[in-house]
Amino acid sequence: MKKGQVCEGIVERLDFPNKGIVPLEDGKKAVVKNALPGQKVSFSVNKIRKGKCEGRLLEVLEKSPIELDEAPCRHFGICGGCTFLNLSYERQLSLKEQQVQGLLKPVCSSCPGGRNFSDIYEGIKESPRQFAYRNKMEFSFGDSYKDGPLCLGMHKRGSFHDIVTVAGCRIVDEDYSEILSTALTYFQEMGTPYYHKMRHIGYLRHLLVRKAVKTGEILVDLVTTSQMDNAIEKGLLDGFCQCLRRLKLDGKIVGVLNTHNDSLADAVINEGTKVLYGLDYFYEEILGFRFKISPFSFFQTNTLGAEVLYETVREYVADAGDGKVVFDLYSGTGTIAQILAPVAKKVIGVEIVEEAVTAARENARLNGLQNCEFIAGDVWKVLDGIGQKPDFIVLDPPRDGLHPKALERIVCYGVEKMVYVSCKPTSLARDLEILQARGYTAERMCCVDMFPFSANIEIVCLLHRRDS
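Quick summary incoming for the structure in this document. Just so we're clear, the structure is a prediction, and the values are computed from it rather than from any experiment.

## Here's the deal with the overall build of the protein
Point 1. When helices and strands are tallied, the protein shows 10 helices and 23 strands.
Point 2. Its C-alpha atoms give the protein a radius of gyration of 24 Å, near enough to 23 Å, the size a compact globule of 468 residues would have.
Point 3. Dimensions of the protein, computed from C-alpha atoms along their principal axes, come out at roughly 70 × 65 × 35 Å.
Point 4. When each of the 468 residues of the protein is scored for burial, the buried share is 54%.
Point 5. Considering only residue pairs separated by 6 or more positions, the protein has 63% of its internal contacts joining residues 24 or more positions apart.
Point 6. For the protein, the accessible surface area stands at approximately 20800 Å², while carbon and sulfur atoms represent 48% of it.
Point 7. Looking at the protein, you have 59 positive and 61 negative side-chain charges, and the mean spots of the two groups are 4 Å apart.

## A short note on the packing of aromatic side chains
Point 1. Per the counting criterion, the structure on display carries nine aromatic pairs.
Point 2. For the pair Phe117 and Tyr121, a centre-to-centre distance of 5.6 Å together with 10° between the ring planes defines the contact as stacked.
Point 3. By relative accessible area, Tyr121 is classed as buried at 12%.
Point 4. When the centroid spacing of 5.6 Å and the interplanar angle of 80° are considered together, the rings of Tyr281 and Tyr283 count as edge-to-face.
Point 5. Its relative accessible area of 19% is what places Tyr283 among the buried residues.
Point 6. Aromatic ring contacts, followed pair by pair, group Phe141, Tyr186, Phe187 and Phe240 into a single cluster.

## Some points on the sheet that holds strand β4 (residues 29-33)
Point 1. Reading across the sheet, the six strands line up as β1-β5-β6-β4-β3-β2 and stay open at both edges, with mixed pairing between neighbours. For this open sheet the edge positions go to β1 (6-10) and β2 (13-15), each flanked by a neighbour on one side alone. Ignoring which end each strand starts from, the neighbouring axes of this sheet average 40° apart.
Point 2. Across nine bridges, strand β5 (residues 40-49) lies against strand β6 (residues 52-62) in antiparallel orientation. From the neighbouring strand, Val45 faces β6, where its bridge partner is Gly55.

## Focus: the packing of helix α3 (residues 174-190) against helix α4 (residues 230-245)
Two quantities define a packed helix pair, namely the angle between the axes and the distance from one axis to the other.
Point 1. Contact geometry for α3 and α4: axes closest at 10 Å, N-to-C directions at 145°. Pair α3 / α4 crosses with right-handed handedness. Taking contact as the criterion, the partners of Ile179, Thr182, Ala183, Tyr186, Phe187 and Met190 in α3 are, on α4, Gly235, Leu236, Gly239, Phe240, Cys243 and Leu244.

## Examining the sheet that holds strand β7 (residues 121-125)
Point 1. Across the sheet, which stays open at both edges, the eight strands sit in the order β7-β22-β23-β21-β20-β17-β18-β19 with mixed pairing between neighbours. Strands with a single pairing partner mark the edges of an open sheet, and in this sheet they are β7 and β19 (372-376). This sheet shows a mean twist of 15° between the axes of neighbouring strands, independent of strand direction.
Point 2. In this sheet, strand β20 (residues 392-395) lies alongside strand β17 (residues 325-329) in parallel orientation, the contact comprising four bridges.

## Considering the side chain of Thr301
Point 1. Within the secondary structure layout, Thr301 lies in the loop between β16 (289-293) and α5 (303-317).
Point 2. For Thr301, a relative accessible area of 14% corresponds to the buried category.
Point 3. Excluding residues within four positions of it along the chain, Thr301 makes contact with Tyr133, Arg134, Asn135, Lys136 and Phe451.

## Some thoughts on helix α1 (residues 89-109)
Point 1. With 21 residues, α1 ought to run about 30 Å at 1.5 Å a step, and its terminal C-alpha atoms sit 29 Å apart, in line with that.
Point 2. Of the positions making up α1, those classed as buried are Tyr89, Gln92, Leu93, Leu95, Lys96, Gln99, Val100, Leu104, Val107 and Cys108.

## Observations concerning the pairing of strand β13 (residues 252-260)
Point 1. Here β13 lies mainly inside the structure; seven of its nine residues are buried.
Point 2. Relative to β13, strand β12 (residues 217-224) runs parallel, the two being bridged by eight bridges. Residue Val220 lies in a different strand from β13, and its bridge partner there is Val256.
Point 3. Regarding topology, α4 serves as the crossover connection from β12 to the parallel β13, and that connection is right-handed.
Point 4. In the sheet, β13 pairs with strand β14 (residues 273-278) via five bridges, with the strands oriented antiparallel. The residue bridging Gly255 from the neighbouring strand is Gly278, located in β14.

## Topic: the packing of α1 against helix α10 (residues 425-437)
Point 1. Relative to each other, α1 and α10 sit at 5°, their axes nearing to 10 Å. In terms of their interaxial angle, α1 and α10 are classed as roughly parallel. Facing Val100, Leu103, Leu104, Val107 and Cys108 of α1, the residues of α10 in contact are Pro425, Thr426, Leu428, Ala429, Leu432, Glu433 and Gln436.
Point 2. Its residues assigned to classes, the contact of α1 with α10 shows nine nonpolar, two polar and one charged.

## Some thoughts on the nonpolar core
Nonpolar side chains in soluble globular proteins tend to end up buried together.
Point 1. Membership of the largest hydrophobic core comes to 84 residues, with the highest contact counts inside it found for Phe141, Phe187, Leu207, Phe240 and Val419.
Point 2. Setting aside its immediate chain neighbours within four residues, Val419 contacts Val313, Tyr316, Val317, Phe392, Ile393, Val394, Leu395, Val460, Cys461 and Leu462.
Point 3. Counting residues in each nonpolar core, the second largest holds 44 residues, with Val100, Cys108, Ala406 and Cys447 among its members.

## What to know about the environment of Asp431
Point 1. Positionally, Asp431 belongs in helix α10.
Point 2. A relative accessible area of 1% means that Asp431 is categorised as buried.
Point 3. For Asp431 and Gly401, which are 30 residues apart along the polypeptide, the C-alpha to C-alpha distance reads 7.2 Å.
Point 4. Ignoring any residue separated from it by four or fewer positions in sequence, one finds Asp431 in contact with Gly401, Leu402, Leu407 and Tyr420.
Point 5. Here Leu402 takes part through its backbone nitrogen, which lies 2.9 Å from a polar atom of the side chain of Asp431.
Point 6. For Asp431, the side chain forms a polar contact with the side chain of Arg430, separated by 3.0 Å.

Reading guide: rules and limits
- Residues numbered from 1 in each chain as written.
- Predicted model: local features only at pLDDT ≥ 70, side-chain atom pairs only at ≥ 80, totals over all residues.
- Heavy atoms only, no water.
- Helix = DSSP H or I, 4+ residues; strand = E, 2+ residues; numbered from the N terminus.
- Rg over C-alpha atoms; globule rule 2.2 N^0.38 Å.
- Buried < 20%, exposed > 50% of the residue type's maximum accessible area, 1.4 Å probe, protein only.
- Contact = heavy atoms within 4.5 Å.
- Areas by Shrake-Rupley, 256 points an atom, 1.4 Å probe, with all protein chains shown as cover.
- Lys, Arg positive; Asp, Glu negative; His and termini not counted.
- Charge placed at Lys NZ, Arg CZ, Asp CG, Glu CD.
- Phe/Tyr/Trp six-rings, centres within 6.5 Å; stacked < 30°, edge-to-face > 60°.
- Pairing = 2+ DSSP bridges.
- Axes fitted to C-alpha atoms, helices over the stretch in contact; angles between N-to-C directions.
- Left-handed = near helix turned anticlockwise from the far one by under 90°.
- Expected span 1.5 Å × (residues − 1).
- Right-handed = clockwise from strand over helix to strand, strands pointing away.
- Parallel < 35°, antiparallel > 145°, perpendicular 65-115°, else oblique.
- Nonpolar A, V, L, I, M, F, W, Y, C, P; charged D, E, K, R; others polar.
- Core = buried A, V, L, I, M, F, W, Y, C linked by side-chain atoms within 4.5 Å.
- Polar contact = N/O pair within 3.5 Å; in protein donor to acceptor, adjacent residues only side chain to side chain.

Below, the structure written as structure tokens:
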């Protein structure tokens, strides 16, 4: 087999994350992303390494028996945003469960003195909403082909440059589509150029839209370069603001912002934000708590799903945190810490992003919580400087999981129980092996589907120390 060779095969199974496994004639297997079990696919070999073959999907030659007759979104297959939109929700959950079990069952089974995985695993909890569940979208400006008309939406599947306009996207509500269409029409009529990633010239970069599910408040942030005369830019942005304020939406726009970003990275980076109208924050509610959210604050993108996730964490902590000191490590804006605060003696949150820590402190004051402390810094560097020792630990690390040095410090506390919240099963599987080797055993585990139509899944795992 050679690089560039075109092959065909039937997808045998799906491994996390979104890796279709295709058996080949020589007994080897190829990994092809964006394919489904049962599909017959053609793919181009783009990598051969240590006997492993990776291919780029070219065409689905025959549909899988598990696919829907028609996907419920006209952008599916072109837009790179959704993976499983051509499956029923029940099929999506089943596929995610199979992948999680395939990763974690062998790990848990290898634990000395551990329980059967079937006794630990408690199933998957659905997202309360399957459609229109997201509370944040980052749309990109660009074109759908070289030197084409201005587009605003998501990257095309497999493309770094091409953009597909996604008005009518099914994972957000109609307000997002109205705002997207209004922004696109306005800047098309004004002839405003988008930022070219290769030439590094242009003005329009991203449109960030956030909407609270509970309060209906909307924040719109236009992300641009600073490559425009100030007077011309002011007139352009004033006109944009007026267009947005005339919209009849289900929610209410409470703020319109402009963020400058001259970074070469194709990401929303804040290099200075000014308010064009209203406020630079909005409020959202989770489980009776109120949170103030800025454009760049981390907040779970599925509000109702986050309630399911945090209720699960609270259930797993239960009496273990009652009247005790709880460490919430990788605490973000402090949502978990504040939800646990009413039953804890004290909650100490540690988070590396200073803006998130500032937001966590403000939100604790907003909710009248006196027993929350938030510390800015890297977990493995900060822990040694905290005078108190925890009775219980909650871990909610980023996708790559726990830093080895942080893991060692966490284990040294010797707490009886801890809860690990993971958004990447492969990272949890790796960290779980180490935690088991250091004396911990998985006691309870379940999945929470926070991201319908994507390949991602959250896992909540309760661990206890074996010698306790």
